[in-house]
Amino acid sequence: MGSLKDSEHANPFLDVWAPPHETPPFAAIRPEHFRPAFDSAMADHIGEIEAIASQTDNPSFANTIVALERSGQALDRVSSVFHALAGAHTNDALMAIEREMSPLLAAHRNRIHLHDGLYARIKTLWDRRAALELTPEQARVLERYAVTFRRAGAGLPAAAKSRVAAIGERLAALGTAFSQNVLADEQAYALVLDREEDLDGLSEGVRAAARAAAAERGMPDKHAITLARSSIEPFLRSSARRDLREKAYGAWIARGNGGGATDNKAIIAETVGLRAERARLIGYPTFAHYRLDDAMAKTPEAVRALLDRVWSPARARAMADRDSLQELVQQEGGNFDLAAWDWRYYAEKLRKVRCDIDAAEIAPYLALDNMIAAAFDTAHRLFGLTFRELHDVPVWHADVRVWEVSGPGGQFRGLFFGDYFARSSKRSGAWMTTLRTQRKLDGELRPLVINVMNFAKAGEGEPTLLSFDDARTLFHEFGHALHALMSDVTFPMISGTRVATDFVELPSQLYEHWLEQPEVLRRFALHHRTGEPIPEDLLHRLLAARTFDQGFATVEYVASALVDLALHLAPEPDKIDPVAFEADVLARIGMPAEIGMRHRSPHFLHVFAGSGYAAGYYSYMWSEVLDADAFEAFRETGDVFDPATAARLRDDILAAGGSRDPGEAYRAFRGRLPTADALLRKRGFAAAATG
Ligand SMILES: [Zn+2]
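Rules of the game
- Residues numbered from 1 in each chain as written.
- Predicted model: local features only at pLDDT ≥ 70, side-chain atom pairs only at ≥ 80, totals over all residues.
- Heavy atoms only, no water.
- Helix = DSSP H or I, 4+ residues; strand = E, 2+ residues; numbered from the N terminus.
- Rg over C-alpha atoms; globule rule 2.2 N^0.38 Å.
- Buried < 20%, exposed > 50% of the residue type's maximum accessible area, 1.4 Å probe, protein only.
- Contact = heavy atoms within 4.5 Å.
- Areas by Shrake-Rupley, 256 points an atom, 1.4 Å probe, with all protein chains shown as cover.
- Lys, Arg positive; Asp, Glu negative; His and termini not counted.
- Charge placed at Lys NZ, Arg CZ, Asp CG, Glu CD.
- Core = buried A, V, L, I, M, F, W, Y, C linked by side-chain atoms within 4.5 Å.
- Pairing = 2+ DSSP bridges.
- Axes fitted to C-alpha atoms, helices over the stretch in contact; angles between N-to-C directions.
- Donors = N, O, S within 2.8 Å, 3.2 Å for Na, K, Ca; no water.
- Polar contact = N/O pair within 3.5 Å; in protein donor to acceptor, adjacent residues only side chain to side chain.
- Expected span 1.5 Å × (residues − 1).
- Bend = angle between axes of the 7 residues up to and from the residue.
- Parallel < 35°, antiparallel > 145°, perpendicular 65-115°, else oblique.
- Left-handed = near helix turned anticlockwise from the far one by under 90°.
- Nonpolar A, V, L, I, M, F, W, Y, C, P; charged D, E, K, R; others polar.
- pLDDT = per-residue confidence, 0-100.

1. Remarks on the overall build of the chain
Alright, step 1. Helix and strand content of the chain: 29 helices and seven strands.
Alright, step 2. Relative to a compact globule of 691 residues, whose C-alpha radius of gyration would be 26 Å, the chain shows 25 Å and is just as compact.
Alright, step 3. Taken over the C-alpha atoms alone, the chain extends approximately 85 × 55 × 55 Å along its principal axes.
Alright, step 4. For the chain, with 691 residues in total, the buried portion stands at 57%.
Alright, step 5. In the chain, 74% of the contacts between residues at least 6 apart in sequence involve partners at least 24 apart.
Alright, step 6. With the model as given, the accessible surface of the chain reaches about 27600 Å², and the carbon-plus-sulfur share is 52%.
Alright, step 7. Here the chain contributes 80 positive and 95 negative side-chain charges, whose respective centroids are spaced 3 Å apart.

Printed below as a string of structure tokens:
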């Protein structure tokens, strides 16, 4: 290696990383390291693939599937670091690399998935699977390879394969462009509140967050509302200035739809067109059929049936709430029809009337540190996990915190990284990802797991206070993190959260239920100044308010899920105008004009920044059928920390990762499959459900 130049020699991706945890040396990683690291890792991977495909020995599980599971580790290392940074702490240089790499990485995957010699070996093993005497986990991994390759276009005639490959590369570039356009629109906008009257109605907490957001954008001593959900939603709930609410709301729903260089409409039409074409080449009538065939739901009809069942009672509830909100407008002497930018503001007032609950009254009890402690303590009570903060692990931003996670016997289970605060270098939303997944293939390798949030950071020296929704998001993402941290499988292919998209939200949404337990809130919802626990009557009012405004929440979500499904069932989707299409779907389902979609198509990152939730946004509700029913398994024992039920959750769901079919895993946990009844009760639509 003597010919390597100094700059290449210093590339951290070519080094072994420091023990004990071999975490990425973030301080040493610079944008210019990625391209050479990607190139060398992709070349290594192709070398490994060719060696597997061209060997003269007959295919065996060991020389083909195990060898594939061992391959590509250098690429996993560079990709996982890159994608973590591209989401949580990006910059112009990383965004340029992302644009350059996404089609190259798609081409790389195609070279593997469409490799005839390799697929022939997998196919031979699959056809002979009954004779191979595999363990259940090995059989599942073989099945996942056979399915993944077939669904990627392996085995198609040459012309179809090359078209599938070209489509994959183009889709990757479109996904990156879509995501970068949304981020650009979010970075470009801030509603600057200059005068005291612009702050009318805003609590001290919202003002402090607005000062921090302005400072982060180089405007100290001002207040700014950004398009991050954690900034704009509290503003829309509390600003008494209807004109400013309208302005901010208008900018929020216009992301990706502004008509300029960052407009996403053409990207959407091309994306859905290419997805449909690829699905047809692989043998499915539409992309939705293709997508759902490998999900727990299996068919668009099953998804539609669930969404329809929830839609009618949710819409009825929302329409009744709308009338109550309109009455409030009139009572205040307002001479206007309620609009979408008014809903949250008047709903907050109605919440005060109906539930005697004020968001500003709750926030002092929901300090970020206490909610992190509550999430950790719940994991301790359910699964015996303990968390110890480490201060010497390299991180990508000074705000990132790291904990060592240990099991009941003190054994190391992984590292947990928490990146909690919104900043302009971070994509909006909240997510979990990994720098390394668990596997036992060549000795036990424990995972490095990340949670990313977009909480509005408090000013210097002040504790960050969360809304109850923020706290729920924290528990949600932590539930995903546990899925990765508690994974206990041999093969990376099926590790942790590598399960069907409509099953993956089960651990995360189930975990949210523990936040709502009085015994958890009594211990952790402590006033940030006095340390006093949340008063009992406030606690009861808070929990009683859980089903408040669920009509709105369900309608905004289901509308997005139905538009996603319709886009991917459309016969000629490349011909559509996405905004007109969206309006048409909403008109057909009777969308209330006063409620916006949770995500409009031009900024629907779940669906268009890559295909993660394409024809899959319904997954949250599908998983909610599971989580509502699964939590009842705890309730039925009379102890929401019941050890035997927790042990089944650990063994059958969390530790199992993707090693079992999701329906089978759920049945093992619960003894039966769920129905939607528990979900409808949870959302407060129980009366409608029995009709
Ligand atoms: Zn989730």
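Still to come is the rest of the account.
2. Things to note about the nonpolar core
Alright, step 1. Residues Tyr 420, Leu 474, Phe 478 and Trp 514 are the most contacted members of the largest nonpolar core, which totals 146 residues.
Alright, step 2. In this structure, Met 42, Val 78, Ala 84 and Leu 85 belong to the second largest nonpolar core, which totals 33 residues.

3. Notes on the sheet that holds strand β3 (residues 386-390)
Alright, step 1. Across the sheet, five strands lie side by side as β3-β4-β5-β7-β6; this open sheet has mixed pairing. Taken across any chain shown, the strands that pair with only one partner, and hence form the sheet edges, are β3 and β6 (431-436). In this sheet, neighbouring strand axes are inclined to one another by 30° on average, regardless of whether the strands run parallel or antiparallel.
Alright, step 2. Relative to strand β7 (residues 448-455), β6 runs antiparallel, the two sharing five bridges. Considered in β7, the bridge of Trp 431 is made with Val 452.
Alright, step 3. Helix-sheet contacts for helix α18 (residues 468-485) involve β3, β4 (401-406), β5 (412-421), β6 and β7, and the interaxial angle to β7 is about 170°.

4. What about the coordination of the zinc ion?
Alright, step 1. Every protein donor of the zinc ion is accounted for by His 476 (NE2), His 480 (NE2) and Glu 505 (OE), and the metal-donor separations fall at 2.1 Å.
Alright, step 2. Spacing between the donor residues of the zinc ion along their common chain follows H-x3-H-x24-E. You can see His 476 and its partner His 480 sitting in helix α18, four residues apart, about one turn around the helix. His 480 matches His 476 in its accessibility class, with the two residues each being buried.

5. A few points about the environment of Arg 322
Alright, step 1. Note that Arg 322 resides in helix α14 (residues 300-331).
Alright, step 2. In sequence terms Arg 322 and Lys 161 are 161 residues apart; their C-alpha atoms lie 52 Å from each other.

6. Some words on the side chain of Asn 451
Alright, step 1. Topologically, Asn 451 is positioned in strand β7.
Alright, step 2. Exposure remark for Asn 451: the relative accessible area of 1% places this residue in the buried category.
Alright, step 3. A distance of 3.1 Å separates a polar atom in the side chain of Asn 451 from the backbone oxygen of Glu 477.
Alright, step 4. Not counting chain neighbours up to four residues away, the residues in contact with Asn 451 comprise Phe 416, Phe 417, Gly 418, Asp 419, Trp 431, Met 432, Glu 477, Phe 478 and Ala 481.

7. Some remarks on helix α12 (residues 265-282)
Alright, step 1. Here α12 is 18 residues long and its end C-alpha atoms lie 26 Å apart, about the 26 Å a rise of 1.5 Å per residue gives.
Alright, step 2. Every buried residue belonging to α12 is among Ile 267, Ile 268, Ala 269, Thr 271, Val 272, Gly 273, Leu 274, Arg 275, Ala 276, Arg 278, Ala 279 and Ile 282, and all of these are buried.
Alright, step 3. Summarising the contacts, the buried residues of α12 are in contact with α7 (136-152), α8 (158-188), α13 (287-293), α22 (550-567), α23 (578-589) and α24 (605-608).
Alright, step 4. In the stretch just after α12, Gly 283 is the one whose phi turns positive, near 110°.

8. Things to note about helix α5 (residues 92-113)
Alright, step 1. Over its 22 residues, α5 extends 32 Å from the first C-alpha to the last, a length consistent with the 32 Å expected when each residue adds 1.5 Å.
Alright, step 2. In the structure, α5 departs most strongly from a straight axis at Met 101, where the bend amounts to approximately 30° and where the proline Pro 103 lies between one and four residues downstream.
Alright, step 3. For α5, every residue scored as buried is listed here: Leu 94, Met 95, Ile 97, Glu 98, Met 101, Ser 102, Leu 105, Ala 106, His 108, Asn 110, Ile 112 and His 113.
Alright, step 4. For α5, the elements touching its buried residues are α2 (31-54), α4 (73-88), α6 (116-127), α7 and α8.

9. Here's the deal with the packing of α18 against helix α19 (residues 501-515)
Alright, step 1. Relative to each other, α18 and α19 sit at 135°, their axes nearing to 7 Å. In terms of orientation, α18 and α19 fall into the oblique class. Crossing angle aside, the handedness with which α18 passes α19 is right-handed. Where α18 approaches α19, its residues Phe 468, Ala 471, Arg 472, Phe 475, His 476, Phe 478, Gly 479, His 480, Leu 482 and His 483 are matched on the opposing element by Val 504, Glu 505, Pro 507, Ser 508, Gln 509, Tyr 511, Glu 512, Trp 514 and Leu 515.
Alright, step 2. In terms of residue class, the contact of α18 with α19 is built from ten nonpolar, six polar and three charged.

10. Overview of the confidence of the model for the chain
Alright, step 1. Taken over all residues, the pLDDT of the chain has a mean of 94, while the share at 70 or more is 98%.
Alright, step 2. In this model residues 1-5 is a low-confidence stretch, pLDDT under 50, and it forms one contact with partners more than four residues away in sequence or in other chains.

11. What about the pairing of β4?
Alright, step 1. β4 sits mainly inside the fold: five of its six residues count as buried.
Alright, step 2. With five bridges joining them, β3 and β4 adopt antiparallel strand pairing. The residue bridging Thr 386 from the neighbouring strand is Ser 406, located in β4.
Alright, step 3. Two strands pair when backbone bridges link them, and β4 and β5 are joined in this way by six bridges, in the antiparallel orientation. The residue of β5 that forms the bridge with Glu 404 is Leu 415.
Alright, step 4. Adjacent in sequence and paired antiparallel, β4 and β5 are bridged by five residues, among which Gly 410 carries a positive phi angle near 85°.

12. Here's the deal with unusual backbone geometry
Alright, step 1. Pro 19 connects to Pro 20 through a cis peptide bond whose omega is 5°.
Alright, step 2. Mapped onto the elements of the fold, Pro 20 is located in the loop between α1 (6-9) and α2.
Alright, step 3. Phi is positive for Glu 22, which is not a glycine, with a value near 50°.
Alright, step 4. Unlike most non-glycine residues, Asp 356 shows phi in positive territory, near 55°.

13. Topic: the packing of α2 against α5
Alright, step 1. As a packed pair, α2 and α5 sit with axes 10 Å apart at the nearest point and diverge in direction by 5°. Compared by their axis directions, α2 and α5 come out roughly parallel. On α5, the residues that touch Pro 31, Phe 34, Arg 35, Phe 38, Met 42, His 45, Ile 46 and Ile 49 of α2 are Ala 93, Leu 94, Ile 97, Glu 100, Met 101, Leu 104, Leu 105, His 108, Arg 111 and Ile 112.
Alright, step 2. Per-class residue counts for the contact of α2 with α5 are 13 nonpolar, two polar and three charged.

14. Some points on the environment of Val 393
Alright, step 1. By the secondary structure assignment, Val 393 is in the loop between β3 and β4.
Alright, step 2. Not counting residues within four places of it along the chain, the set of residues in contact with Val 393 comprises Thr 23, Val 402, Leu 415 and Phe 417.

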